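Listed below are the residues making up each chain.
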Amino acid sequence: MIPGSFEYHRPASVGETVDLLARLGEESRVIAGGHSLIPMMKLRLAVPEHLIDLQSVEGLKDIAVEGDDITIGAMVTQHRLIESEALAAACPILRETSTQIADPQIRYCGTLGGNVANGDPGNDMPALMQALDASYLLAGPEGTREVKARDFYEAAYFTALNEGEILTAVRFTAPSAGHGWAYEKQKRKIGDYATAAAAVLLTLSGGTCSSASVALTNVADTPLLAEEAGAILTGSRLDADTVDRAAKAAAAITDPAEDGRGPVEFRRHLTAVMVRRAVATAQTRAA
Ligand SMILES: Cc1cc2nc3c(=O)[nH]c(=O)nc-3n(C[C@H](O)[C@H](O)[C@H](O)COP(=O)(O)OP(=O)(O)OC[C@H]3O[C@@H](n4cnc5c(N)ncnc54)[C@H](O)[C@@H]3O)c2cc1C
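First, a word on scope: everything that follows refers to the structure included in this document. Worth saying up front: this structure is predicted, and the values here are computed from it rather than measured. (Residues numbered from 1 in each chain as written. Predicted model: local features only at pLDDT ≥ 70, side-chain atom pairs only at ≥ 80, totals over all residues. Heavy atoms only, no water.)

Summing up its helical and strand segments, the chain has twelve helices and 14 strands in all. The globule rule puts the C-alpha radius of gyration for 287 residues at 19 Å, and the 19 Å found for the chain is close to it. Taking the intrachain contacts of the chain between residues at least 6 apart in sequence as the baseline, contacts between residues at least 24 apart amount to 60%. Entry remark: accessible area of the chain is about 12800 Å², with carbon and sulfur atoms responsible for 50%. (Helix = DSSP H or I, 4+ residues; strand = E, 2+ residues; numbered from the N terminus. Rg over C-alpha atoms; globule rule 2.2 N^0.38 Å. Contact = heavy atoms within 4.5 Å. Areas by Shrake-Rupley, 256 points an atom, 1.4 Å probe, with all protein chains shown as cover.)

Right, let's get into the sheet that holds strand E7 (residues 143-148). Backbone hydrogen bonds are what pair the strands of a sheet, in a parallel or an antiparallel way. The strand order across the open sheet built from five strands is E4-E5-E10-E6-E7, with neighbouring strands paired in antiparallel fashion. A strand with exactly one partner marks an edge of an open sheet, and here the two such strands are strand E4 (63-66) and E7. With direction set aside, neighbouring strand axes in the sheet form an average angle of 20°. Where strand E6 (residues 135-140) and E7 come together, six bridges link them in antiparallel fashion. From the neighbouring strand, Ala-139 faces E7, where its bridge partner is Thr-144. Relative to strand E10 (residues 166-173), helix H1 (residues 14-24) is tilted by about 130°, and along the sheet it contacts E6 and E10. (Pairing = 2+ DSSP bridges. Axes fitted to C-alpha atoms, helices over the stretch in contact; angles between N-to-C directions.)

Under the defined criterion, the tally for this structure stands at 15 salt bridges. Residue Glu-96 is joined to Arg-285 by a salt bridge in which the shortest nitrogen-to-oxygen separation is 2.7 Å. Taken as a pair, Glu-96 in helix H5 (residues 93-98) and Arg-285 in helix H12 (residues 264-285) lie far apart in primary sequence, 189 residues in all. Arg-188 is the salt-bridge partner of Asp-192, the closest N and O atoms lying 2.6 Å from each other. (Salt bridge = Lys/Arg side-chain N within 4 Å of Asp/Glu carboxyl O.)

This part is about the pairing of E4. In terms of strand pairing, E4 meets strand E5 (residues 69-73) through four bridges, oriented antiparallel. Residue pairing in the sheet places Ala-64 in a bridge with Thr-71 of E5. Hairpin geometry of E4 and E5 is characterised by an intervening segment of two residues between the two adjacent antiparallel strands and by a positive phi of about 65° at Gly-67.

Note on helix geometry: an α-helix contains 3.6 residues per turn, so any two residues three or four positions apart are oriented the same way. The terminal C-alpha atoms of H12, which comprises 22 residues, lie 32 Å apart, in line with the 32 Å expected from a rise of 1.5 Å per residue. Among the residues of H12, Arg-267, Leu-270, Thr-271, Ala-272, Val-273, Met-274, Val-275, Ala-278, Val-279 and Ala-282 are the ones counted as buried. Where the residues of H12 are buried, they touch strand E11 (180-186), strand E12 (196-205), strand E13 (208-217), helix H10 (227-233) and helix H11 (240-252). (Expected span 1.5 Å × (residues − 1). Buried < 20%, exposed > 50% of the residue type's maximum accessible area, 1.4 Å probe, protein only.)

This paragraph deals with unusual backbone geometry. Backbone geometry at Ala-102 places phi at a positive 55°, although glycine is not the residue there. Relative to the assigned elements, Ala-102 resides in the loop between H5 and helix H6 (104-109). Of note, the phi angle at Asn-218 is positive, near 65°, even though the residue is not glycine. Position of Asn-218 among the secondary structure elements: in the loop between E13 and strand E14 (224-225).

Attention shifts here to the packing of aromatic side chains. What the rule picks out here adds up to three aromatic pairs. Look at Tyr-136 and Phe-152: their rings are 4.9 Å apart centre to centre, the planes differ by 85°, and that puts the pair in the edge-to-face class. In this pair, Tyr-136 sits in strand E6 while Phe-152 sits in helix H9 (residues 149-152), placing the two residues 16 residues apart along the sequence. Note on Phe-152: relative accessible area 0%, which makes it buried. (Phe/Tyr/Trp six-rings, centres within 6.5 Å; stacked < 30°, edge-to-face > 60°.)

This part covers the site of the ligand. Surrounding the ligand, one finds 30 residues, the nearest of these being Val-30, Ala-32, Leu-37, Thr-111 and Asp-124. The separation between an oxygen atom of the ligand and a polar main-chain atom of Ser-36 is 2.8 Å. Between the ligand and the protein, one listed contact pairs a nitrogen atom with a backbone N or O atom of Leu-167 at 2.9 Å. Considering the ligand on its own, with 970 Å² of exposed area, one finds that the protein chains cover 91% of that surface. Mapping the ligand onto the cavity grids shows that it belongs to the largest pocket. At the level of secondary structure, the elements contributing two or more residues to the shell around the ligand comprise strand E2 (28-31), helix H7 (112-117) and E10. Grouping the amino acids of the shell around the ligand by side-chain chemistry returns 14 nonpolar, twelve polar and four charged. (Near = heavy atom within 4 Å. Polar contact = N/O pair within 3.5 Å; in protein donor to acceptor, adjacent residues only side chain to side chain. 1 Å grid on protein atoms, 1.4 Å probe; cavity = no way out; pocket = protein on both sides within 12 Å on 5 of 7 lines; lining within 4 Å. Sits in = over half its atoms within 2 Å of the grid points. Nonpolar A, V, L, I, M, F, W, Y, C, P; charged D, E, K, R; others polar.)

Attention now goes to the sheet that holds E2. Spatially, the three strands line up as an open sheet ordered E1-E3-E2, and their pairing is parallel. The open sheet has two edge strands with one neighbour each: strand E1 (7-9) and E2. Between one strand axis and the next, the sheet turns by 25° as a mean value, whatever way the strands run. Looking at chain direction, E2 and strand E3 (residues 50-53) are connected through four bridges and run parallel. Paired with Ser-28 across the two strands is His-50, which belongs to E3. Sheet strands touched by H1: E1, E2 and E3. Its angle to E3, the strand with the most contacts, is close to 175°.

Note that every value here comes from positions in space, so none of it alone points to a role or purpose.
Right under this line is the structure:
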């Protein structure tokens, strides 16, 4: 319950944050909504000597929907993702996923940046960002760079974020008008991380699936893009046999942990169930 002591810093710009990280080194951590980091600090699983609070950093709380280009600042909270009508119109799966994250109080504080940078496979946004083929904008001592969500996750809590870098925003192209979407998450109770979850985005053309992307949450050390599942669905009429094959292809790439959520086989089986349900819902929503 009691974290270790630390120095608190509140920079006003990305440049100042990056300079602080360089100066304070390994023992410093940025803090966003604090709803993953503070619990870890209370358990002393994280013992940073310096906390660099991103709350006052200019420009990190912006949401920009410009035509198909969507850019969401790292400090946009889950609550604001749900609230934004512009985001809901351009990319409704963001709202659907956000409402399944944690609970209202956590969503007032927890941020998109923290959720995707955290590296916990339990977080829901990373797989969604893989399904959307989003890019993460990173700023560090060497300047800025962009890394695809599909390339960002290496293992539990290991990401492509280099020491001294912060994530400033997430950017993606809105799925095309009339697309179908669904985020299906099986969990034991409100605020639980998924036993298994699937994000599905697809488009239909005359009843045939013209594109599909499928990504999975909390069934491996990292989020998983189920490429084969997407490929099986694409070009099909989403008949039961094809969807079943896609669901099984998705389940086949999982490597879930055995924990209080159940044994490996159960979580793998559930992955296929989530994919089937998400495809069915997405199909009904596609125009
Ligand atoms: C009871 C409970 C239930 C929850 N349930 C869910 C759930 O079902 N699904 C889900 O997805 N999440 C869940 N969460 C997590 C919650 O959504 C967190 O808010 C989120 O994972 C992290 O966001 P944050 O802004 O709080 O980040 P913080 O806790 O502030 O930071 C998390 C980590 O990310 C790093 N970080 C934060 N921002 C940046 C940045 N801009 N650049 C680089 N590194 C950064 C920090 O240094 C830290 O290592 C739950 C949390 C709690 C306490």
